[in-house]
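Residues per chain, in single letters:
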Amino acid sequence: VQLVESGGGLVQPGGSLRLSCAASGFTFSMYNMNWHRQAPGKERELVAAIGRAGGSRNYVDSVKGRFTISRDNAKKTVYLQMNSLKPEDTAVYYCNTVVGGMDYWGKGTLLTVSS
């Protein structure tokens, strides 16, 4: 199982960015996918989750209405569209899935929201 995040960077408050996570090594369409983040000095938190077919989506309260998780099973990729970004969204964002009872993580991509 390999998960590779991309798309992070420096964004001004109020801006938008889309993260991508390319998956390989497992049958992508059969597994739920998650985005987590870890801000400096804070614990990692689950930001968004999406079901296998994309119909079930859940978000942490702090990003509801601003972030959208989606997936393209043909491309084996999960996305996180982030709008109305705030400085408190600054964190390393990680893609995650559980396959065979084991947690798999990407290396993360850094988002910095600052003027």
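What you are looking at is a predicted structure, and each value in this text was computed from that prediction instead of being measured.

K.L.:
Which residues make up the sheet that holds strand S3 (residues 17-24), and what values do they have?
P.N.:
Within the open sheet, the four strands sit side by side as S1-S3-S8-S7. Their pairing is antiparallel. A single partner strand is all that each edge strand has here, and the edge strands are strand S1 (2-6) and strand S7 (67-72). Ignoring strand direction, the axes of neighbouring strands in this sheet form an average angle of 15°. Note: S1 against S3, five bridges, orientation antiparallel. Of the residues in S3, the one forming a bridge with Leu-3 is Ala-23.

K.L.:
Outline the nonpolar core, listing residues and values.
P.N.:
Counting 27 residues, the largest nonpolar core has Trp-35, Val-78, Leu-80, Met-82 and Tyr-93 as the members making the most contacts within it. When residues of this core are traced back to their parent elements, those giving at least two are S3, strand S4 (33-38), strand S5 (45-50), S7, strand S8 (77-82), strand S9 (91-99) and strand S11 (109-113). Setting aside residues no more than four positions away along its own chain, Leu-80 makes contact with Leu-17, Arg-18, Leu-19, Trp-35, Val-47, Ala-48, Phe-67, Thr-68, Ile-69 and Tyr-93.

K.L.:
Provide a residue-level description of the pairing of S4, including the pertinent values.
P.N.:
With five of six residues buried, S4 lies mostly within the body of the structure. Sheet analysis places S4 next to S5, joined by five bridges and oriented antiparallel. What sits directly across from His-36, in S5, is Leu-46. Hairpin connection between S4 and S5: a loop of six residues separates the two successive antiparallel strands, and Gly-41 in this loop has a positive phi of roughly 75°. Relative to S9, S4 runs antiparallel, the two sharing five bridges. Paired with Arg-37 across the bridge in S9 is Tyr-93.

Calculation criteria
Residues numbered from 1 in each chain as written. Predicted model: local features only at pLDDT ≥ 70, side-chain atom pairs only at ≥ 80, totals over all residues. Heavy atoms only, no water. Pairing = 2+ DSSP bridges. Helix = DSSP H or I, 4+ residues; strand = E, 2+ residues; numbered from the N terminus. Axes fitted to C-alpha atoms, helices over the stretch in contact; angles between N-to-C directions. Core = buried A, V, L, I, M, F, W, Y, C linked by side-chain atoms within 4.5 Å. Buried < 20%, exposed > 50% of the residue type's maximum accessible area, 1.4 Å probe, protein only. Contact = heavy atoms within 4.5 Å.

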